[in-house]
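Take a look at the letters that make up each chain.
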Amino acid sequence: MLPNTGKLAGCTLFITGASRGIGKAIALKAAKDGANIVIAAKTAEPHRTLPGTIYTAAKEIEAAGGKALPCIVNVREEEQIINAVEKAVKTFGGIDILVNNASAISLSGTLETETKKANLMMDVNVRGTYLTSKICLPHLRKSKNAHILNLSPPLNLNPVWFKNHCAYTISKYGMSMCVLGMAEEFRGEVAVNALWPKTAIYTAAMNMLGGSGVEKQCRKTDILADAAYCILTKPKSFTGNFVIDEALLREEGIKDFDVYAIAPGHPLLPDFFLDAEPDVITMKLEQHGASQAFKEEKKSSQPKHEGPDGAKVDLESASAKPLSPVAETFRVIQGAISEEFVKAIQGVFQFELSGDDGGTWYIDLKTKGGSTGCGKPPVKADVVMSMSSADFVKMFTGKLKPTMAFMSGKLKISGNMALAMRLEKVLVQLNSKL
Ligand SMILES: NC(=O)c1ccc[n+]([C@@H]2O[C@H](COP(=O)([O-])OP(=O)(O)OC[C@H]3O[C@@H](n4cnc5c(N)ncnc54)[C@H](OP(=O)(O)O)[C@@H]3O)[C@@H](O)[C@H]2O)c1
């Protein structure tokens, strides 16, 4: 880990989204030097599922050696940013550093992204970053070593990073374009840089996106806190850079990256927008054995299922004949379903498969007893997943992680996203029973 040098003692940092995750980790690292931190985030009351509030973060910052100013700020609201900036200047005498960290994410295709979600991403990511920078800049220009740091990626224009989640990419690239423009506009006065992780970082956001077990493939927020500290303690002549955490820390002499891993030695999930393309990311994970090994099948009695034409198909007797890989996979899943499992999941998954043995299939983990089969599910599906038959088999035999399939565009999802994200958990639980 990068040692603290005390260079940020007495500096004032305005950090959006410092109530948890990466923003809070950057705040705590600076607090160790004795910095003043303005925590600009929305959560004032404890949230049902998300950890931390601006007040709990403030306590941690003070305990680490810093001074904290918790401010309720939704970066979509210009007035709230203005008020917090004024309060910060009144309390600490100025602002030296702005970290634009707050972000919203929806990894959905153009037609699947509801307008309100597209608006949220544009508002928080691009407009929020632009406005917070605009409002802080008059104060930053008065500081001896002013910095703006945006948590945004290098501008990689490979279409693979646009085709599956165009709105999200535009919104994050908007943050990066602020770096491009403002670094030149304020050269000599304020350093403006971007920071992006090489691998996934374990936070509430990642937990929501990646589902159960994803943490092993992630690094801790400490790596970004160290990289941010390193940038923010550089002279303001260090500007206009799109920094990748690991690359910068290597240059700084860090050799042991295991200290940043949640599960040292476990293959890591490469982050979006870097050199590795989605398919390569998936392939690498598979090569490194990050996926679950397919366990031996358990024989079980099978109920009847409805075929694509509505005819009832008996999978047990059908299994006497060699089944196609898709039908065989559903047969095995059927045998692994328990009442307890149905109670725990309460969801109906419909699969639209293309290629050999394609068509509509389902796994009903909502109706008493649970069932799988060919054709439409007995009750309306909560989630519809479209993919090739080959990828479906890979996914259910542990050779392709649902998160990876989704990120690489092999899996398209519509319906209840939260339930879809639990598919990884479904697979882990099913595999343990297979
Ligand atoms: N985790 C990763 O693997 C990863 C990878 C690449 C890049 N990043 C980047 O790192 C940054 C932080 O991500 P994270 O994983 O730490 O996310 P996180 O755990 O979801 O934290 C997001 C923070 O943003 C705040 N926030 C959200 N909407 C806001 C709004 N409208 N106004 C003010 N604050 C708002 C949240 O606070 P409130 O809810 O209290 O408002 C929270 O403190 C993001 O820019 C993200 O793109 C993360």
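All of these numbers come straight from a predicted model, not from anything done at the bench.

1. Considering the nonpolar core
Here is step 1: Formed by 85 residues in total, the largest nonpolar core has its most connected members in Phe-349 and Phe-351.
Here is step 2: Core analysis: the next-biggest nonpolar cluster, separate from the first, contains 41 residues, Leu-28, Ile-61, Tyr-229 and Val-243 among them.

2. Here's the deal with the UniProt feature "domain: SCP2" (unreviewed entry) in the protein chain
Here is step 1: Mapped onto the present numbering, the UniProt feature "domain: SCP2" (unreviewed entry) falls at residues 338–427.
Here is step 2: Regarding residues 338–427, the helix share stands at 34% and the strand share at 32%, and the terminal C-alpha atoms are separated by 14 Å.

3. Notes on the sheet that holds strand β2 (residues 36–41)
The strands making up a sheet associate through backbone hydrogen bonding, with each pair oriented either parallel or antiparallel.
Here is step 1: With respect to topology, seven strands assemble into an open sheet ordered β3-β2-β1-β4-β5-β6-β7, the strand pairing being parallel. This sheet does not close on itself; its edge strands, each paired only once, are β3 (67–72) and β7 (242–244). Neighbour-to-neighbour, the strand axes of the sheet open up by a mean angle of 20 degrees, direction not taken into account.
Here is step 2: In this sheet, β2 lies alongside strand β1 (residues 12–16) in parallel orientation, the contact comprising five bridges. Along β2, the bridge assignment pairs Leu-13 with Ile-37.
Here is step 3: Each of β2 and β3 touches helix α2 (residues 54–64); the most contacted strand, β3, lies at about 170 degrees to it.
Here is step 4: Contacting β1, β4 (97–100), β5 (146–150), β6 (190–196) and β7, helix α8 (residues 222–232) crosses the sheet at an angle of about 160 degrees to β6.

4. Looking at the pairing of β4
Here is step 1: Residues Ile-97 and Val-99 line one face of β4 and the alternating positions Leu-98 and Asn-100 line the opposite face, and both faces are buried.
Here is step 2: In the sheet, β1 pairs with β4 via three bridges, with the strands oriented parallel. Within the sheet, the bridge partner assigned to Phe-14 lies in β4 and is Leu-98.
Here is step 3: Both β4 and β5 contribute to a ladder of four bridges, which runs parallel. Bridging across to β5, Val-99 finds its partner in Leu-149.
Here is step 4: Tracing the backbone out of β4, into helix α4 (residues 115–140) and back to the parallel element β5 gives a crossover that is right-handed.

5. What about the site of the ligand?
Here is step 1: The environment of the ligand is formed by 27 residues, the closest being Thr-43, Asn-101, Lys-172, Ile-201 and Thr-203.
Here is step 2: With respect to the ligand, the side chain of Ser-19 contributes an N or O atom lying 2.8 Å from an oxygen atom.
Here is step 3: Between the ligand and Asn-101, the relevant distance is 2.8 Å, taken from an oxygen atom to a main-chain nitrogen or oxygen of the residue.
Here is step 4: Coverage of the ligand by the protein chains reaches 90% of its 890 Å² of free accessible surface.
Here is step 5: If you list the elements that add at least two residues to the shell around the ligand, you get α1 (21–31), α6 (166–185) and α7 (204–210).
Here is step 6: If you tally residues by element for the shell around the ligand, the top one is α7, at three residues.
Here is step 7: Its residues assigned to classes, the shell around the ligand comprises 15 nonpolar, eight polar and four charged.

6. Brief notes about the packing of α1 against α8
Here is step 1: For the pair α1 and α8, the least separation of the axes is 8 Å and the interaxial angle reads 55 degrees. With respect to α8, the element α1 is oriented oblique. Judged by the sense of rotation from one axis to the other, the crossing of α1 with α8 is right-handed. Contacts between α1 and α8 involve Ile-22, Ala-25, Ile-26 and Lys-29 on the former and, on the latter, Leu-224, Ala-225, Asp-226, Ala-228 and Tyr-229.
Here is step 2: Split by residue class, the contact of α1 with α8 holds seven nonpolar, no polar and two charged.

So, how was this worked out
Residues numbered from 1 in each chain as written. Predicted model: local features only at pLDDT ≥ 70, side-chain atom pairs only at ≥ 80, totals over all residues. Heavy atoms only, no water. Core = buried A, V, L, I, M, F, W, Y, C linked by side-chain atoms within 4.5 Å. Buried < 20%, exposed > 50% of the residue type's maximum accessible area, 1.4 Å probe, protein only. UniProt positions renumbered as here; feature names shortened; annotations may be inferred. Helix = DSSP H or I, 4+ residues; strand = E, 2+ residues; numbered from the N terminus. Pairing = 2+ DSSP bridges. Axes fitted to C-alpha atoms, helices over the stretch in contact; angles between N-to-C directions. Contact = heavy atoms within 4.5 Å. Right-handed = clockwise from strand over helix to strand, strands pointing away. Near = heavy atom within 4 Å. Polar contact = N/O pair within 3.5 Å; in protein donor to acceptor, adjacent residues only side chain to side chain. Areas by Shrake-Rupley, 256 points an atom, 1.4 Å probe, with all protein chains shown as cover. Nonpolar A, V, L, I, M, F, W, Y, C, P; charged D, E, K, R; others polar. Parallel < 35°, antiparallel > 145°, perpendicular 65-115°, else oblique. Left-handed = near helix turned anticlockwise from the far one by under 90°.

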